[in-house]
Amino acid sequence: MDNVEALFAKFSAMYGTRFAQMWKGTDLSVVKVTWADALSGLTVREVRTGLEACKMRPWPPTLPEFLLMCRQDQDFEKAFAEAQEQVCKRQSGKDVWSKKAVYWTAVEFGFFDLRCSSWESAKKKWSRIFSANLSRDDELPDVPEFRHALPAPGESVTDRQTALEKLAELKRRLSQKGDLCAI
């Protein structure tokens, strides 16, 4: 309970009246017991991680928000590891993503950089992008289906004769729809 008192004192110093207003009309002793129970499973390091994350928030967190902030590092690292694994599987179309936010964070982070980075070197950038995407996971587009990449110029598997036949077929189809273009 002393730890919760110390934590609430820090919140009060960080957020001032915003923190006091948050508990207006509640029994503060019950609130503190609830927080103490919930935080009892966390390490000191995790609570410090949560407090550090609070420095970037203009409003004090609720208990569920604070618990997520305390363990975000582990969850973010786990999501990073998942993204590294799935990016490699994406090349063969066997990728399965747990959340849209993980996929879209991987896209924004860059597949190449993701494959080449360690957690320690990627931690800040990944966490910033992932945090933003997590907050809007419901709004993100679905993970697109895998599609094979087109061959590089000059490396096509289509021979000249097949290409000419395909072009002739395209011309025929276009001419049936009217004179849309002169090919």
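Whatever comes next refers back to the structure up there.
This structure is a prediction, so every number in the text was calculated from the model and none was measured.

Calculation notes
- Residues numbered from 1 in each chain as written.
- Predicted model: local features only at pLDDT ≥ 70, side-chain atom pairs only at ≥ 80, totals over all residues.
- Heavy atoms only, no water.
- Helix = DSSP H or I, 4+ residues; strand = E, 2+ residues; numbered from the N terminus.
- Polar contact = N/O pair within 3.5 Å; in protein donor to acceptor, adjacent residues only side chain to side chain.
- Contact = heavy atoms within 4.5 Å.
- Phe/Tyr/Trp six-rings, centres within 6.5 Å; stacked < 30°, edge-to-face > 60°.
- Buried < 20%, exposed > 50% of the residue type's maximum accessible area, 1.4 Å probe, protein only.
- Salt bridge = Lys/Arg side-chain N within 4 Å of Asp/Glu carboxyl O.
- Expected span 1.5 Å × (residues − 1).
- Arc of directions from axis to C-beta.
- Axes fitted to C-alpha atoms, helices over the stretch in contact; angles between N-to-C directions.
- Parallel < 35°, antiparallel > 145°, perpendicular 65-115°, else oblique.
- Left-handed = near helix turned anticlockwise from the far one by under 90°.
- Nonpolar A, V, L, I, M, F, W, Y, C, P; charged D, E, K, R; others polar.

## A few points about the side chain of lysine 100
Now for step 1: Turning to its location among the elements, lysine 100 is positioned in helix H6 (residues 100-109).
Now for step 2: Among the polar contacts listed, one links the side chain of lysine 100 to the backbone oxygen of leucine 140, at a separation of 3.0 Å.
Now for step 3: Contacts of lysine 100, omitting those with residues within four sequence positions, involve Asp137, Asp138, Leu140, Pro141, Asp142 and Val143.

## Some points on the packing of aromatic side chains
Now for step 1: In the structure shown here, the tally under the stated rule is 20 aromatic pairs.
Now for step 2: Centre to centre, the rings of phenylalanine 11 and phenylalanine 66 are 5.4 Å apart; their planes meet at 90°, and the pair counts as edge-to-face. Of this pair, phenylalanine 11 sits in helix H1 (residues 2-15) while phenylalanine 66 sits in helix H5 (residues 63-90); the two residues are 55 residues apart in sequence, bridging distant segments of the chain. Of the two residues, phenylalanine 11 and phenylalanine 66, both sit in the buried class.
Now for step 3: A centroid spacing of 5.1 Å and a plane angle of 80° characterise the contact between tryptophan 97 and tyrosine 103, whose relative ring orientation is edge-to-face.

## Focus on the pattern of salt bridges
Now for step 1: Here the structure, examined in full by the defined rule, presents eight salt bridges.
Now for step 2: For the salt bridge of arginine 172 with glutamate 169, the shortest nitrogen-to-oxygen distance reads 2.5 Å. With a gap of three residues between them, arginine 172 and glutamate 169 both fall in helix H9 (residues 160-176), about one helical turn apart.
Now for step 3: Taking the relative accessible area as the measure of exposure, arginine 172 reaches 38% and is therefore partly exposed.

## Structural notes on helix H3 (residues 28-39)
Now for step 1: When the terminal C-alpha atoms of H3 are compared, their 16 Å separation across 12 residues agrees well with the 16 Å that a helix rising 1.5 Å per residue should span.
Now for step 2: Within H3 the residues assigned to the buried category are Val31, Lys32, Trp35, Ala36 and Leu39. Mapping the buried residues of H3 onto a view down its axis gives an arc of 135°, with all of them on the same face.

## Digging into the packing of H6 against helix H8 (residues 119-134)
Now for step 1: One can describe the packing of H6 onto H8 by two numbers: an axis separation of 9 Å at closest approach and a directional angle of 135°. In terms of their interaxial angle, H6 and H8 are classed as oblique. Relative to H8, H6 is oriented so that their crossing is right-handed. Packed against H6, whose contacting residues are Ala101, Val102, Trp104, Thr105, Ala106, Glu108 and Phe109, the element H8 presents Ala122, Lys125, Trp126, Ile129, Phe130, Asn133 and Leu134 at the interface.
Now for step 2: Looking at the contact of H6 with H8 residue by residue, the classes come out as 10 nonpolar, two polar and two charged.

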